[in-house]
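Per-entry structural report
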Amino acid sequence: SIMSMAMAYQQKLAEKLTILNDRGRGVLLRMNYIKKTCLDPKLRPQYLTDKIMEASVKYINKKFPNIDFRGNSQHLVGIQKQKSEVMTAMSSYYDSFIDVMEFRDHVYELLNTIDACQCFFNIAVNFDFTKNYLELIITYTSVIVMLSRVEDKKVLVGMYNCAHEMSNGSSDPAYPRLAQMFMEYEQPIKKLTEEFGPHTKVMSIAYSHIKFTKMPEFPTWNSELDDRSKQNFTMACEYLSLEVMERWILLGYLLCHSSLNTHQSSQELWKMALRSGLYLTVIRDETINIHKITEDYFDVKNINNYVYCCHMYASGAMHRERRGFLRNALKELVKVLEDEPGLLGPKVLFVFMALSFSRDEVLWLVRYSENIPKTKTPEDYTQNNCDFIIILYIGHCFYYCFDYSESVLMTSFVSTLSALTIKQVENGEEFDFRALRLDWLRLQVWYFTYPINTLHLSHTVPCYQPALFYPRVFEKMFSQSSEEISMQRYLMSFPLVCSHFNQTVHQLCPEETEAVEKRSLRLCVTFLEEIAKQTSSVILEICAEQCNLNDQLLPKHCGQTISAARNKKQKKQMPKKGEVQREKPGAESQRKDRAIVTNMDKLHLTLTELCSSFGGSSDFTVFNHTVTPTEFLISQLETRLTKIIVRMAHYNQTTQEIGRPSDLLAGIRAYTASLHTLSRYLSLDVTRLVKNVLLQQTQPLDSYGGQTITTLYTNWYLEGLLRQASSNLIVHCPAMHCFVNQTIENEHSFKAEEYSDISEMQALAELIGPYGLKFLSENLMWHITSQVGELKKLVIENMDVLVQMRANFDKPEAMANLQKRLPGNTSGENVLKRMTIIGVILSFRAMAQDTLEDIMQKHCPYLMGPIESLRDLVSPDTDIKVTLTVFELASAAGLTCDIDPALVTAIVSMHNSSIDEEYKLTCLLLVYIAVSLPILALDPNSYYSRHYGGHHNNIHCLATAVNQLSAAMFTAENKNIEQHLKEFLLVASSTLLQLGQNVDNRVDSKNRDSIYLLLHMIVEASPFLSQDMLESCFPYVLLRNAYREVYKAFIITLG
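A short tour of the structure in this document, coming up. Please read these numbers as outputs of a predicted model, since none were measured by experiment.

Cut-off values and rules
Residues numbered from 1 in each chain as written. Predicted model: local features only at pLDDT ≥ 70, side-chain atom pairs only at ≥ 80, totals over all residues. Heavy atoms only, no water. Core = buried A, V, L, I, M, F, W, Y, C linked by side-chain atoms within 4.5 Å. Buried < 20%, exposed > 50% of the residue type's maximum accessible area, 1.4 Å probe, protein only. Helix = DSSP H or I, 4+ residues; strand = E, 2+ residues; numbered from the N terminus. Pairing = 2+ DSSP bridges. Phe/Tyr/Trp six-rings, centres within 6.5 Å; stacked < 30°, edge-to-face > 60°. Lys NZ or Arg CZ within 6 Å of the ring centre and 35° of its normal. Expected span 1.5 Å × (residues − 1). Axes fitted to C-alpha atoms, helices over the stretch in contact; angles between N-to-C directions. Parallel < 35°, antiparallel > 145°, perpendicular 65-115°, else oblique. Left-handed = near helix turned anticlockwise from the far one by under 90°. Contact = heavy atoms within 4.5 Å. Nonpolar A, V, L, I, M, F, W, Y, C, P; charged D, E, K, R; others polar. Salt bridge = Lys/Arg side-chain N within 4 Å of Asp/Glu carboxyl O. Patch = residues over 30% accessible without salt bridge, like charges linked within 9 Å, V, L, I, M, F, W, Y side chains within 5 Å. Areas by Shrake-Rupley, 256 points an atom, 1.4 Å probe, with all protein chains shown as cover. Lys, Arg positive; Asp, Glu negative; His and termini not counted. Charge placed at Lys NZ, Arg CZ, Asp CG, Glu CD.

Description of the nonpolar core
Formed by 184 residues in total, the largest nonpolar core has its most connected members in Leu 678 and Phe 739. Take this core: its biggest share by element is 15 residues, from helix α36 (residues 758–797). Among the nonpolar cores identified, the runner-up in size contains 97 residues, and Leu 13, Leu 29, Val 100 and Met 203 belong to it.

Things to note about the pairing of strand β1 (residues 279–283)
With respect to burial, β1 is a largely interior element, 5 of its 5 residues being buried. Of the strand pairs in this sheet, β1 and strand β2 (residues 286–289) are connected by 4 bridges, and their pairing is antiparallel. When the sheet's bridge partners are listed, Ile 283 is paired in β2 with Glu 286.

Overview of the packing of aromatic side chains
Going through the model one piece at a time under the given rule, you end up with 27 aromatic pairs. Ring plane angle 70° and centroid distance 5.3 Å describe the contact between Tyr 1012 and Phe 1034, whose orientation is recorded as edge-to-face. Residue Tyr 1012 is found in helix α46 (residues 1002–1021), and its partner Phe 1034 is found in the loop between α47 (1027–1033) and α48 (1036–1048); the two are separated by 22 residues along the sequence. Chaining the aromatic ring pairs together yields one cluster made of Tyr 713, Trp 716, Tyr 717, Phe 739, Phe 750, Tyr 755 and Phe 844. For the cation-ring pair, Lys 975 lies above Tyr 919, with the distance from its terminal atom to the ring centre recorded as 4.8 Å.

A few points about helix α20 (residues 348–369)
For α20, spanning 22 residues, the distance from its first C-alpha to its last is 31 Å, which sits close to the expected 32 Å at 1.5 Å a residue. Extensive coverage of α20 is indicated by the burial of 20 of its 22 residues.

Quick notes on the packing of helix α43 (residues 915–932) against helix α44 (residues 958–972)
Direction vectors running N to C along α43 and α44 enclose 160°, while the axes themselves pass 10 Å from each other. Relative to α44, the element α43 is oriented roughly antiparallel. The two elements α43 and α44 cross, and the hand of that crossing is left-handed. Facing Ile 915, Tyr 919, Thr 922, Cys 923, Leu 925, Leu 926 and Ile 929 of α43, the residues of α44 in contact are Val 962, Ser 966, Met 969, Phe 970 and Ala 972. Residue composition of the contact of α43 with α44, grouped by class: 10 nonpolar, 2 polar and no charged.

Focus: the pattern of salt bridges
Opposite charge on two side chains permits them to pair, given that their charged atoms come into close proximity. In the structure shown here, the tally under the stated rule is 29 salt bridges. Residues Arg 23 and Asp 99 are paired through a salt bridge, measuring 3.4 Å at the closest nitrogen-oxygen approach. Of the two residues, Arg 23 sits in helix α2 (residues 13–39) while Asp 99 sits in helix α6 (residues 83–117), which places them 76 residues apart along the sequence. A salt bridge links Glu 286 to Lys 35, with the shortest nitrogen-to-oxygen separation between them at 2.9 Å. With Glu 286 in strand β2 and Lys 35 in helix α2, this residue pair connects regions lying 251 residues apart in the sequence. Assigned by exposure class, Glu 286 and Lys 35 land together as buried. Linked through salt bridges whose partners overlap, the residues forming this network are Lys 35, Lys 36, Arg 149, Asp 285 and Glu 286.

Overview of a negative patch on the surface
Together, Glu 541, Glu 545, Glu 583 and Glu 588 give the surface a local cluster of negative charge. Along the polypeptide, Glu 541 turns up in helix α28 (residues 513–552).

Quick notes on the pairing of strand β5 (residues 730–733)
Here β5 shows a buried face lined by Ile 730 and His 732 and a second buried face lined by Val 731 and Cys 733. Pairing of β5 with strand β6 (residues 738–741) involves 4 bridges; the strand directions are antiparallel. Paired with His 732 across the two strands is Phe 739, which belongs to β6. Counting the residues that bridge the hairpin from β5 to β6 gives 4 residues, and of these His 737 lies at a positive phi of roughly 55°.

Focus: unusual backbone geometry
In the segment running from Phe 64 into Pro 65, the intervening peptide bond is cis, with an omega of 5°. Within the fold, Pro 65 resides in the loop between α4 (54–63) and α5 (77–81). Of note in this structure, Asn 624 is not a glycine but carries a positive phi near 70°. If you trace the backbone, Asn 624 turns up in the loop between β3 (620–622) and β4 (625–627). For Asn 624, a relative accessible area of 78% translates into the label exposed.

Written out as C-alpha cells, the structure is:
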C-alpha cells in the first residue's frame, strides 16, 4: 500500500487528471466546432465546395486511406495546382485530429497507470479524485463520438496529406496512425467497449459507490431530504449535477457492461439512470440516444422487457411532477430565508441541494425541448412557467459558503480561505480557486491510493451552457416568464446568465470565441431590451392615466361645473333622469370594497415586480463588455417618451390642426411628475432622462431623425396662422398682444387667440426653448427673404421713375406726374402687400421673443442680468461686428434689439450684386413704400380699430416691417440707418399731405385718418426716429385730429 501511494504521487496522477480533463474539453469543443463548420454552407471550407476540387474530394473519399498520389494524378489536379493554399487551409483541421490522437494516447497511458497503482475510488470519500477520473472517461468517450460525427474528416485529412506529399515528396509522419484511428472508430462504441475491457475492474469499483438516491420519489421527497441532510455525506455529492451522474453511469456501463451481469447493484443503478429519458448530452447541443445505442451494441437479454421498461420511465411525467414540486418548494424556501436570513448559514446545504435539483430539471427540460419523443403526452416536455430563474439565488448562497468551507477543511487551507471576505463578493471580485483545488486533489490522490477516511470540500459549478446553445428554448422561457407577473421580478436572471457564457469557450478553439461573444451579446441585449420595453410600457401607461386625470383638472373643463352650479343656484330645470351626468375629477379614487382591483392597481403591481428585477444587479460584464440594465430602460423611455410628446401635439398635416401649446405643456408636466415617482422603485436618473427628451424636442429632428414639436409648431404657425394672417383672415392685435380672427363670416378651423395669446406663446417658449425659437426664426427669415426678393424685382422694374421721385419728392406737381408713370395702383399695392406680410411675420417673431424673455427671466434671472447690461452698453459708435455679436446673444435670450441680427444675416445671404447696387435698391425700395402709402386709403379694411389697437388689414404691421427691414438692410450695407429713415419720413409725409388735399374723393377721406396714424406708428416703433423729427415734416394737429376721429366711432362703456 505504501509503495502504491508513493507510486501514485510520483506519477502525478492529480496533475495529469486535471490537465487531461481540461485538454479533453478543449479537444471536444474543437471537434464540435469542426462538425458545425463543415455542416454550415456559409462556414464550410472553400476547397470542399469548389467545383475544381469536386473530383479530388470524391476520389479521396473513395480511396481513403490508401490514396495513390502518383498513379491517379488526374483526379488530384485541383490539389496539385493549389497545393500550398490547400495545405495552409487544412492544417488547422489536420492538427485538431492529431490532438485527438495524442489525447487518446495520454488517456490510455493514464488509465493504465491508475490500474497499476490500485487506486481506490469512492465518490463519497474522495470526491475530487473520483469525479476527475469518471469525467476523464466520459470526456474521452464524448471526443470519440464527436470524431465519428465529423463526416468530412477523411477529406480534410486526405487533402492535407496529398498537398503535403506533393510539396515535400512524402506523406506526413502522423498520417498512417491518424488514418488507422479513423478506420477503427467507424463504430465508436463497439471499439471503445473493446478498449475499456482491461479497466472494467477499477471502473466498476468507482461506479459501485455512487448512491443514485439523489432523486427521491414523491411524495416522500421532504422526508428523504431531511434524512439525507442528517447523514455524514460529502457536501459536494449532495448537489452534484444529476445529468453528470447519468452520463457517468450510462456511458460508463456502456463501456464495461460485463459488470452488469455480475453485480445486481450495478444493474439497479443502471436501470434507475435509464428512467431519466432517451437522450444524453455529448457536448452543448449535441446529444446521443442512449437507448438506441444500448440496443445496438449491448448483449441485452429479454430485449422486449428492457425496451418496455425504458420507455415507461422515460415518458416525462415524472419530470413534470418534479418541476411542479420544485417550483413550490423553492418559493417556500425563499420565503423562509427572507423571513429568517440567519437560517441560510446553518441550512446552506438545503439551499445547495434545492438549487442542484432545480438545475437538473432545467437542463433536462432544455435538452428535451429540442428532442421531444413521439408520445401521447407532449406537454410533459414543455413548461408553461419558467424554472430557469432559480439561478438568481446562487449568489445569495456564496455569502455563507466560505464559513461552511472553513469548518470542513484542513488547517493548512484555513489561512487561504480566511482571507476571503464578504466585501469581495459584494464588489464583484472574481475568485481563482484552481491552485487550491489542485492542492486538495493532490492530497486526495496521496491518501486514497488505499482506502482511508478523508475530509470534505464544498464547491459548486453552475451550468449555464445549454442556454447559449438552445437559444429558442431560452427565449421561449423568457417569453413565458415575462407574461406572468409573479415571475417578472426574476427576468434579470436571463441577461445575467449571458455573463457566464465566456466559460463555454476554450483556448484550444479560439475561432469560435468571437461567434460566441456575438451570440452572447445579442441574447443579452435582446433580453434587456425586452425587459426595458415591458417596463417602459407599464411606466408610460401609468403616466398616460395620470395625464388623463390631470387633464380633467384643467380650467378648460370647468365650464360644465360652473354652469351646473349656476343653474342649481338659480333653481333652473335640472337634467332629466336619462341623461348621464359627468363625473367629477377624483371619483375614480372612491372604492367601497378594497378587493376591487383597478387597472392602476394592476399596473403598479406589475411595475413593482419589473423594477425589482433591475435591483438585482447595477451592472455586469459579458465578454469584457460592461452592461448597465438601467441604461436600456432609460433608452427605451427616451425613445417612447419622444414619440408620445410628438403624438400629444395632435398635429394633422392634412387639416392643419394642432393642440394648443399650453395643453401640451400641461401633459408633459403630468408625465414628468409621474416619471419622478420611479425613484420609489429603482435608482434612475429621471431628471437626466426628461432633460434629454425635452432638449431633443428643441431641435428640428430628434436623435432618431423624427420630427419634433419644434418642427410641428414651426410648420403650423407658418402654414396655419401666418398664412391666414397674410390673407387678412386673421388680424394682429397689438392691444391684446395676440392674433384674432376677423369678424367676417368665414369658417375657421381654430381660434387664433387660443394659439397666440401671451399664455400660449409662453407655453410655446417653455416647450421649444431658445433653440426651438431660433429654428422658428430661421424659417420666418426664409419667408421674409423670399418677399424681399420679390420687392427688389418690383424696384428694378420701376427704377427710373423711383430715382426721379427720390430727387423731386418735395415738388408736388412733379410727384403727381411721376406717380402717373408708375404702373397703376397694382404695383404699389403689391409692394405694400408684401411689406405687410413681412410686418406680420416680424410682429409674430417679436411676440415670441417677448415671451422667451419672460421664460428666461423665470428660469435663469442671474444669466439675464449680465446679458441685458451687455446689450445696453452697445452704442452707435461701437464696431458693427461687435454690435451684431452682442445683439445675437441678446436676441437668443429673447431681448429686443435695435437691429435684428437674424434679419441682417438673412439679408446678407441674399446679396447677389455689389454693395452699391444693393444700397441703391434699398433706398429706392423705401421711396416706393413711401409713395405707395396713399393707396391704402382706397382699401375699405384700412380703418383703425381701437379694440385691436391696429388696422383690420394688418397695415399697422408696416411700422415694424419698415423699421426692422431698413435697419437690417442698411446695416448689411454699412450705411447710416437714421439718415435714411429720415429721408423715408420726409417722402412719406409729403405723399400723405397730398392725400389730405384730395377732399373730393370720399373713399380717400374715409380712411385718411387711419393712414395718418400709420406714420405715427412708424416713428413710435423706431429706435432711430423721434417725435421731433415727425413734427418737423408732418403737423401734429393732423395726428391729433386723426386719433379723435378714429376713436369717435367707438362707444365707451364703464363697468
